[in-house]
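Spelled out from the first residue to the last, the chains are:
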Amino acid sequence: MTLPTTDTRVTYPSGATEAASRILHVEQRGGRHAVLLDTTAFHPVDHAWPDQGADRGVLEVADRSWAVTDCVVGATDGTSLYLGADSPVRKGTEGWAFVVVHLIDGAEGDGPAEGDDAVVRVEAAQRAAVSAGHTGCHLASLALNRALAGRWKKDVAADALGAPNFDALAIDTTVISEFASVDRYRLGRSLRRKGFSLEDLDAGATAAAVNATLAGWTATGAPISIGTDGGGLTDRRRWVCDLPGERAEIPCGGTHLTSLAGVDVTVRLELSEEDGTPVLQMDTRVGVPASA
Ligand SMILES: [Zn+2]
């Protein structure tokens, strides 16, 4: 058994849903085979920031095909393979390789073999739907930051378009799904100490402001791209949206639409309370042109 010493090369950032590859390593994990490839088009879920889930699809070797039932980030020191949250080190730690682990069903001895040539195929329709959800999520957070900008009484870090970065300072969880996302923000004492005022916060009026900003941005049909420093799993990547006169760049390891042309993004906001802490929930919906 040979574990790789370099990160898996990934092609999903450029939008690829298929990759020809070689199987580097296979081992049994709880009734499934954990398969490592030199190159993959599969977006794995990253336990450290699981906003975008794993791609679905198949792994093929010659005339055999296996369903990839889960796909996670793994870490190896060359001796052992750790999956997801079992990894003892952070992604990017020196001396470790970070890999995309494809999990496929199958009895021991009935999986693909190390050294086999393989092809992976991601379910393209699901990927496109999740990419739309992810793009909408970034745009909505920027529009929300802008709508809440006047509520800051102190200077805080700015977002990619210069507004106080409420999203980064208040985010609790983000879940991206097909043509949608849900962001939950905690408006607790620490946020208020940083200078955020909750006074008379009206979820409906704020949502209307967010939606007006989103309509203006999507009407530009701005192109979207992924900037990257390399093709490895841990190489830094960023979402780039070239709005007219203002370029938004956000660190992001996910997948995205390639333009805002014909895209429609709208949010609903709901303010509630959880254990005495105000919570703002933003539900974002994304519509795309029928041909996309
Ligand atoms: Zn992202």
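Only a predicted model underlies this, so the values are computations on that prediction, with no experimental measurement involved.

## Topic: the overall build of the protein
Looking only at helices and strands, one finds four helices and 16 strands in the protein. By the compact-globule yardstick of 19 Å for 292 residues, the protein fits well, its C-alpha radius of gyration being 21 Å. Reported as C-alpha extents along the three principal axes, the dimensions of the protein are approximately 65 × 40 × 30 Å. Within the protein, the fraction of its 292 residues that count as buried is 47%. Once local pairs closer than 6 in sequence are excluded, the contacts in the protein between residues at least 24 apart make up 66%. Of the roughly 13,400 Å² of accessible surface on the protein, 48% is carried by carbon and sulfur atoms. Positive and negative side-chain charges in the protein, numbering 26 and 40 respectively, have mean positions lying 6 Å apart.

## Comments concerning the nonpolar core
One finds Leu144, Phe166 and Trp239 to be the most contacted residues of the largest nonpolar core, which totals 38 residues. Contributing elements (two or more residues each) for this core: α1 (124–147), α2 (166–170), α4 (203–219), β13 (237–243), β14 (246–251), β15 (264–274) and β16 (277–287). If you tally residues by element for this core, the top one is α1, at six residues. In this view, Phe166 contacts Leu144, Asn145, Leu148, Trp152, Ile171, Tyr185, Leu187, Leu191, Phe196 and Leu280; residues no more than four positions away in its chain are not counted.

## Comments concerning the packing of α1 against α4
Contact geometry of α1 with α4 gives a least axis separation of 9 Å together with a crossing angle of 125 degrees. The pairing of α1 with α4 is recorded here as oblique in orientation. The hand of the α1/α4 crossing is right-handed. In this structure, α1 uses Leu139, Ala140, Leu142, Ala143, Leu144, Arg146 and Ala147 to contact α4, whose residues at the interface are Thr206, Ala209, Val210, Thr213, Leu214, Trp217 and Thr218. In terms of residue class, the contact of α1 with α4 is made up of 10 nonpolar, three polar and one charged.

## Considerations on the side chain of Arg127
Structurally, Arg127 can be placed in helix α1. Of the residues examined, Arg127 reaches a relative accessible area of 4% and is grouped as buried. Those residues in contact with Arg127, other than ones at most four positions away along the chain, are Tyr12, Gly15, Ala16, Thr17, Ala41, His43, Asp55, Val122 and Thr255.

## Here we look at the domain arrangement of the protein
In terms of domains, the protein is made up of domain 1 (9–122) and domain 2 (126–287). Look at where the C-alpha atoms of domain 1 and domain 2 centre, and you get two points 30 Å apart. Counting residues at the interface gives 24 residues for domain 1 and 18 residues for domain 2. For the pair domain 1 and domain 2, the two sides together bury roughly 1,600 Å², of which 53% comes from carbon and sulfur. Area buried by domain 1 at its contact with domain 2 is led by Pro13, Asp51 and Gln52, which between them contribute 35% of it.

The rules behind each value
Residues numbered from 1 in each chain as written. Predicted model: local features only at pLDDT ≥ 70, side-chain atom pairs only at ≥ 80, totals over all residues. Heavy atoms only, no water. Helix = DSSP H or I, 4+ residues; strand = E, 2+ residues; numbered from the N terminus. Rg over C-alpha atoms; globule rule 2.2 N^0.38 Å. Buried < 20%, exposed > 50% of the residue type's maximum accessible area, 1.4 Å probe, protein only. Contact = heavy atoms within 4.5 Å. Areas by Shrake-Rupley, 256 points an atom, 1.4 Å probe, with all protein chains shown as cover. Lys, Arg positive; Asp, Glu negative; His and termini not counted. Charge placed at Lys NZ, Arg CZ, Asp CG, Glu CD. Core = buried A, V, L, I, M, F, W, Y, C linked by side-chain atoms within 4.5 Å. Axes fitted to C-alpha atoms, helices over the stretch in contact; angles between N-to-C directions. Parallel < 35°, antiparallel > 145°, perpendicular 65-115°, else oblique. Left-handed = near helix turned anticlockwise from the far one by under 90°. Nonpolar A, V, L, I, M, F, W, Y, C, P; charged D, E, K, R; others polar. Domains from an automatic or database assignment. Buried area = accessible area lost by both parts, 1.4 Å probe.

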